[in-house]
Amino acid sequence: EKSEIISKVYLSLLPSDLATYGRDAKALLKELQSQNERMFLVTFLVLNTGKTEQELETNVFQAVSIAQKHNCELCRLDFQQEQGLMSSLPLADCQIEIQRGLTTSSTAIFVPFTTQELFDNGKESLYYGLNALSNNLIMVDRKKLKNPNGLILGTPGSGKSFSAKREICNAFLVTDDDIIICDPECEYAPLVERLHGQVIHISPASTQYINPMDINSNYSEEDNPLALKADFVLSLCELVVGGKEGLQPVEKTVIDRCVHVIYRKYFENPTPENMPLLEDLYNALLTQDEPEARHVAAALEIYVKGSLNIFNHHTNVDINNRIVCFDIKQLGKQLKKLGMLIVQDAVWGRVTANRSAGKSTRYYADEFHLLLKEEQTAAYSVEIWKRFRKWGGIPTALTQNVKDLLASPEVSNIFENSDFVYMLNQANGDRQILAKQLNISPHQLSYVTHSGEGEGLLFFGNVILPFVDHFPKDLELYRILTTRLSEVAEAQKHE
Ligand SMILES: Nc1ncnc2c1ncn2[C@@H]1O[C@H](COP(=O)(O)OP(=O)(O)OP(=O)(O)O)[C@@H](O)[C@H]1O
Ligand SMILES: [Mg+2]
């Protein structure tokens, strides 16, 4: 009888409180069972600090009122401050026993770290700065991209060359890749020399030579490396002979014929001395019957016998060093285009040789707009961007001139074929163009608007991240990397 009364009392209570709780509990259970939710016991601590007790009081008061505004109540941990402090340190030791059960999705709102990160701890990932949103390291491996081709874009002084040098340095230390640099401003030499690399000063006054006719048996993926070399020689002659229409068909034919003749001796007995020179091509042209051959020979003469004969020598530098820098600053206007074309060919030769050795080659072209100005070197660059990937090449172009990059449909191909873009501060006009091309949001644009040196946006595949890279200025490495005149002078004084 007594228990009957009790159960009646309970029943009369049920509708008000328990029924509601029961419903909630059932809903919770359903979530846990069917929606992949888990139950967590959560302790949420807000750490307040202050320099004085008064300041601390004020800060606590403010925190409480902010919480109140959002319908939350903060409970002061009086007499438990020490435990509270210890629990809020990243020691994985919670000493406060105030807990609430929360499901996964409710718990997730306490973890606000939903920023995108680029952190790959693979063996060959390199450092590219800090994530501007979370301050985490950006470490990536360009080889893992579908297309490792890269662009570094920015206004003068924004830190393009600097970031390339930093990447070169890291790649040198972390990977086994070979590195080749085309350096029109002679600013990579200090770094390359420090890494015991080969700096090749190409200038009319220099005694360091590279032979444009150099060939290796891997030069082409087809069986006939000569066909590709002939193509290069044709480009070279086209530059030399010049003219609006370029080479005439007959001229092309005789050049091609001569190329096959002059390499015969080398292929029979491939020793370095048997490597043909420009002079051999010149002589071969002179023996042809066609007047066109003599026309080309006459144009070549200054490069063979005249004052521009720096490319008429056997290679006498260690072009196979792991890190090679072609300094073409001292090449006069006359020779610059030719020099750049020859450097590109040397790069091609190296990449192909490395491919058969299973090695990657990183190629850096600073002041890339210079290469794009000339039809021949532009065409070669496009070719590099299209085909290097398959050959284990990782090209990187540095330029301040986005408009040049998008000038012709062919060249804009370079842009589309680059999955790695390191974008530093941009000029207003370029910024608008880039925003359209790359689908950059106005917020993201703010990272390349009047940004400081070494700050910008990184495009890695389909990820876009703002980065900052403030290189410490008191390091010896900084002195090697900088181009700021006063700092360079200072560094030289040190030596
Ligand atoms: N990440 C960085 N951290 C610290 N300083 C930097 C950084 N990047 C660049 N700087 C400073 O800015 C200077 C200019 O950088 P850099 O030579 O790379 O400019 P640039 O973009 O290549 O310019 P230009 O188009 O004229 O070649 C450097 O010498 C260095 O002092
Ligand atoms: Mg530069």
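Above: the structure in question.
Everything in this summary refers to the structure shown in the same document. Numbering of residues starts from 1 in each chain and follows the order in which that chain's sequence is written. Lettering for chains starts from A, numbering for ligands starts from 1, and both go in the order in which the items are written. At least 70 in pLDDT is required for a residue's local features to be given in this predicted model, at least 80 for side-chain atom pairs to be given and counted, and no such filter applies to totals for whole chains, interfaces and linings, which use all residues. The basis for the side-chain values is all heavy atoms of the structure; hydrogens and waters are excluded.

### Quick word on the site of ligand 1
Okay, so step 1: Here a residue is near a molecule or strand as soon as one of its heavy atoms is found within 4 Å of it. Neighbouring ligand 1 are 21 residues; K160, S161, D469, Y478 and T483 lie closest to it.
Okay, so step 2: Polar contact is the term for a pair of N or O atoms within 3.5 Å; when the atoms are in protein, one must be able to donate a hydrogen and the other to accept it, and sequence-neighboring residues count only if both atoms are side-chain atoms. G159 has a polar backbone atom sitting 3.1 Å from an oxygen atom of ligand 1.
Okay, so step 3: With respect to ligand 1, the backbone of F162 contributes an N or O atom lying 2.7 Å from an oxygen atom.
Okay, so step 4: Taking 630 Å² as the accessible area of ligand 1 by itself, protein coverage stands at 90%.
Okay, so step 5: Only runs of H or I of at least four residues qualify as helices and only runs of E of at least two qualify as strands under DSSP, and these elements are numbered from the N terminus. Tallying contributions element by element places helix α6 (residues 160-174) first for the shell around ligand 1, with three residues.
Okay, so step 6: Only Asp, Glu, Lys and Arg are considered charged, only Ala, Val, Leu, Ile, Met, Phe, Trp, Tyr, Cys and Pro nonpolar, and every remaining residue, Gly among them, polar. Class assignment for the residues of the shell around ligand 1 results in four nonpolar, 10 polar and seven charged. Only the protein chains shown count as cover for residues, and the accessible areas themselves come from Shrake-Rupley with a 1.4 Å probe.

### Here we look at the sheet that holds strand β11 (residues 420-423)
Okay, so step 1: Strand order in the open sheet made by the 11 strands is β4-β3-β13-β12-β11-β5-β10-β9-β6-β8-β7, with mixed pairing throughout. The strands lining the two open edges of the sheet, one partner per strand, are β4 (137-140) and β7 (198-201). Averaged over neighbouring strand pairs, the angle between their axes works out to 25 degrees when direction is ignored.
Okay, so step 2: Note on contacts: a residue pair qualifies if any of its non-hydrogen atoms lie within 4.5 Å across the two residues. Note on geometry: axes are C-alpha line fits, over the in-contact stretch for helices, and angles between N-to-C directions span 0 to 180 degrees. Across the sheet, α6 touches β3 (126-131), β5 (150-153), β6 (178-183), β8 (323-327), β9 (361-365), β10 (393-399) and β11, and the angle it forms with β3 is around 130 degrees. Following DSSP output, two strands are said to pair if at least two bridges run between them.

### Describing the side chain of D177
Okay, so step 1: Counting through the fold element by element, D177 comes out in the loop between α6 and β6.
Okay, so step 2: Those residues in contact with D177, other than ones at most four positions away along the chain, are K143, R322, S360, R362 and I394.

### Here we look at a nonpolar patch on the surface
Okay, so step 1: Exposure above 30% relative accessible area and the lack of any salt bridge qualify a residue for a patch; like charges then connect within 9 Å, and the nonpolar side chains Val, Leu, Ile, Met, Phe, Trp and Tyr within 5 Å. Salt bridge criterion: a side-chain nitrogen from Lys or Arg within 4 Å of a carboxyl oxygen from Asp or Glu. Judged by side-chain polarity, F44, V46, I109, F110 and V111 come together as a nonpolar surface patch covering roughly 480 Å² of accessible area.
Okay, so step 2: Assignment of secondary structure puts V46 in the loop between β1 (39-42) and α3 (53-69).

### Describing the pairing of β3
Okay, so step 1: Inspection of the sheet shows β3 paired to β4 by three bridges, in the antiparallel sense. Looking at the pairing, L130 lines up with L137 of β4.
Okay, so step 2: Between β3 and β4, which pair antiparallel in sequence order, lie five residues; one of them, N135, sits at a positive phi of approximately 65 degrees.
Okay, so step 3: Here β3 pairs with strand β13 (residues 463-468) via two bridges, running antiparallel. From the neighbouring strand, N131 faces β13, where its bridge partner is F467.

### Concerning the environment of V233
Okay, so step 1: Along the polypeptide, V233 turns up in helix α8 (residues 225-241).
Okay, so step 2: Taking the C-alpha atoms as reference points, V233 and I310, 77 residues apart in sequence, are found 16 Å from one another.

### With respect to the nonpolar core
Okay, so step 1: Within this scheme, the nonpolar core is defined by two criteria: the residues are buried Ala, Val, Leu, Ile, Met, Phe, Trp, Tyr or Cys, and they are joined through side-chain atoms within 4.5 Å. Each residue is assigned to one of three classes by its accessible area relative to the maximum for its type, calculated with a 1.4 Å probe on protein chains only: buried under 20%, partly exposed between the two thresholds, exposed over 50%. Ranked by internal contacts, the top residues of the largest apolar core, which has 84 residues, are I202, I255, L281, L285, L338, Y363 and F368.
Okay, so step 2: Counting residues per element, this core draws most heavily on α8, at 10 residues.
Okay, so step 3: Each of domain 2 (115-201 + 318-495) and domain 3 (211-314) gives at least three residues to this core.
Okay, so step 4: Among all residues touching L281, those that are not within four sequence positions of it are M213, V233, C237, C258, V259, I262 and L300.
Okay, so step 5: In this structure, L126, I138, A164 and Y364 belong to the second largest nonpolar core, which totals 37 residues. Segmentation of the chain into domains, including their bounds, is taken from an automatic or database domain assignment.

### Quick word on helix α2 (residues 18-34)
Okay, so step 1: To estimate how far a helix should reach, multiply one less than its number of residues by 1.5 Å. Counted at 1.5 Å a residue, the expected span for α2 with its 17 residues is 24 Å, and the 24 Å between its end C-alpha atoms agrees.
Okay, so step 2: Phi turns positive one or two residues past the end of α2, at N36, with a value near 55 degrees.

Keep in mind these values describe shape, not function.
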